[in-house]
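# Architecture and fold: a report
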Amino acid sequence: MKKGATIFLVTCLIFSLVACSSGWNIEQSSQAQKETQTQEPTLPESNETEKGTSAKEEQTEEVPSENPATENSSAKAEQEANNETESNDDLEVDFTYDYSEDIRADIDYVVSSSTSLEKELENVETVIQKFNLLAEEAQSQGEMNVSSKWLFVIWDTELNNLWSRFSNSADQQTKENILADQRNWNDMKKEAVLENIGFSEENGSMYPVLENSFLEEITRNRAYVLANELAKIKGESFIMPEKSAKYGYFVDNQGTGSIYSSLITRQGVSGDDEAVISIYRLGQIKGVFVDNGNGELSFTSNDADTRIVKGIIKINGWNGASFTVTEAPEGFLSVGEEFDFPFVF
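These remarks concern the structure in this document. (Residues numbered from 1 in each chain as written. Predicted model: local features only at pLDDT ≥ 70, side-chain atom pairs only at ≥ 80, totals over all residues. Heavy atoms only, no water.)

### Focus: unusual backbone geometry
Rules: Secondary structure elements are defined from DSSP: runs of H or I of at least 4 residues count as helices, runs of E of at least 2 residues count as strands, and each element is numbered from the N terminus. Burial classification: accessible surface area is computed with a 1.4 Å probe over protein chains only, and a residue below 20% of its type maximum counts as buried, one above 50% as exposed, and the rest as partly exposed.
One non-glycine residue, Gln-254, lies in positive phi territory at about 55°. Considering the arrangement of structural elements, one finds Gln-254 in the loop between strand S1 (248-252) and strand S2 (261-267). One non-glycine residue with positive phi stands out, namely Arg-281, at about 70°. Examined against the element boundaries, Arg-281 turns out to sit in the loop between strand S3 (273-279) and strand S4 (283-291). According to the relative accessible area criterion, Arg-281 is exposed, its value standing at 73%.

In structure tokens form, the structure reads like this:
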């Protein structure tokens, strides 16, 4: 009995050990499976983190490490230069198009948006700059001839606009006085062109450019004169632009629409300062002058002229000019004789 009981107890113990061992293995296997299931979702997250870190490292490498302000400025300047180049390359100008309405719209806007007459004329200059950019695209002489007229039309449009406002604001006497001058100026324009640049046959295909440039200059000057008169009526302060102390075109029209005498001072093709003096019923004298620095220009007629004449030219800004004879052949001009040219173009 004791022996059989002992065998029974040993057998139970063995089974208990086997069962415990199997349970532990099952639990361990289950735990391992749980850990595996827990870890699996973390794998993509780990990959994303590595990718993010890699991307950040790549991005960091792209950032300039030395003097970023200088490199950024250079990049910005280069970009602006590229933009400007692209803008110029993309600019296409139709030289057959009539810009008259566009110019009129620009002038109307300038008039309505300017706070004073002085500011208005300053803004007209910006319209000139705008059309200058278009004119610079001209390639042929024909395109240059066409585009040169745009600038004259700008000032002509402004002049007409000023006159319309002046006519509506001035009293009858003032209007009649200024209207007389304006009509005379209009009547003298063609003759003024001939005196300054000659006939079209003398200048060939570039004559329209010379003519339009001259008309632009004198129309601009006339616009300032009329704006000054309108400013007086409106009670505005108005400062006329400074007139050259050496160069200009002045006439004596005897209060009419015809030029009786004239004085032209300009820089010649050779670079010398030259003057052309036309005196009613006496003829024309050409020569050179030297600026004395005291408001006087010493004139000497050309050596080729048998009637050597010397004298002093004085330019009085917007009030005209004068010529006083200091030396002349007998019977032609008298020493001390003075000629006035009160009308300024």
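There is more to say, and it comes next.
### A closer look at the sheet that holds strand S6 (residues 310-315)
Which entries qualify depends on this criterion: Strand pairing follows a simple DSSP-based rule, namely that at least 2 bridges must link the two strands.
Reading across from one edge, S8-S7-S6-S5-S4-S3-S2-S1-S9 is the order of the 9 strands in this open sheet, with antiparallel pairing throughout. Each end of this open sheet is capped by a strand with a single partner; those strands are strand S8 (338-341) and strand S9 (343-344). As paired elements, strand S7 (residues 321-327) and S8 share 4 bridges and run antiparallel to each other. The residue of S8 that forms the bridge with Thr-324 is Glu-338.

### Thoughts on helix H7 (residues 172-197)
This is how it is decided: Expected span of a helix: the number of residues minus one, times 1.5 Å. The angle between axes fitted to the seven residues ending at a residue and the seven residues starting there is what we call the bend at that residue. Residues count as neighbours in contact if any of their non-hydrogen atoms are within 4.5 Å of one another. Two N or O atoms count as a polar contact when they lie within 3.5 Å, although within protein this holds only if one can serve as hydrogen donor and the other as acceptor, and sequence-adjacent residues are included solely when both atoms are side-chain atoms.
For H7, spanning 26 residues, the distance from its first C-alpha to its last is 37 Å, which sits close to the expected 38 Å at 1.5 Å a residue. Lys-189 marks the point of greatest bend in H7, at about 45°. Where H7 is buried, its residues contact helix H6 (141-169), helix H8 (200-203), helix H9 (207-234), S1, S2 and S9. The residue sitting at the N-terminus of H7 and contributing the capping side-chain oxygen is Asp-171; that oxygen lies 3.2 Å from the backbone nitrogen of Gln-173. Directly after H7, the chain includes Gly-198, whose backbone phi takes a positive value near 80°.

### Things to note about the packing of aromatic side chains
Stated formally: Only Phe, Tyr and Trp rings are paired, with Trp represented by its six-membered ring, and only when their centres lie within 6.5 Å; those with planes under 30 degrees apart are stacked, over 60 edge-to-face, the remainder tilted. Placement of a charge over a ring requires the Lys NZ or Arg CZ to be within 6 Å of the ring centre, with the centre-to-atom vector within 35 degrees of the ring normal.
Tallied over the entire structure, the rule returns 14 aromatic pairs. For the pair Tyr-99 and Trp-150, a centre-to-centre distance of 4.8 Å together with 65° between the ring planes defines the contact as edge-to-face. Of this pair, Tyr-99 sits in the loop between helix H3 (68-90) and helix H4 (100-113) while Trp-150 sits in helix H6, and the two are 51 residues apart along the sequence. For the pair Tyr-99 and Trp-150, one class covers both residues: buried. What links up through ring pairs into an aromatic cluster is the set Phe-95, Tyr-97, Tyr-99, Phe-131 and Trp-150. Positioned above the aromatic ring of Trp-318 is the side chain of Lys-243, whose terminal nitrogen or guanidinium carbon lies 5.1 Å from the ring centre.

### Quick look at the pattern of salt bridges
The condition that has to hold: Each salt bridge in this description consists of a side-chain nitrogen of Lys or Arg and a carboxyl oxygen of Asp or Glu lying within 4 Å of one another.
Under the defined criterion, the tally for this structure stands at 11 salt bridges. Of the charged contacts, one joins Glu-125 and Arg-220 as a salt bridge, the two residues approaching to 2.9 Å between their closest N and O atoms. Taken together, the residues span a long stretch of sequence, with Glu-125 in helix H5 (residues 117-135) and Arg-220 in helix H9 at a distance of 95 residues. Between Lys-310 and Glu-327 there is a salt bridge, and its shortest N-O distance comes to 4.0 Å. Within this pair, whereas Lys-310 is found in strand S6, its partner Glu-327 is found in strand S7, the two being separated by 17 residues in sequence. Lys-310 sits in the partly exposed class, given a relative accessible area of 32%. A relative accessible area of 37% means that Glu-327 is categorised as partly exposed.

Remember, this is a structural readout, not a statement about activity or role.
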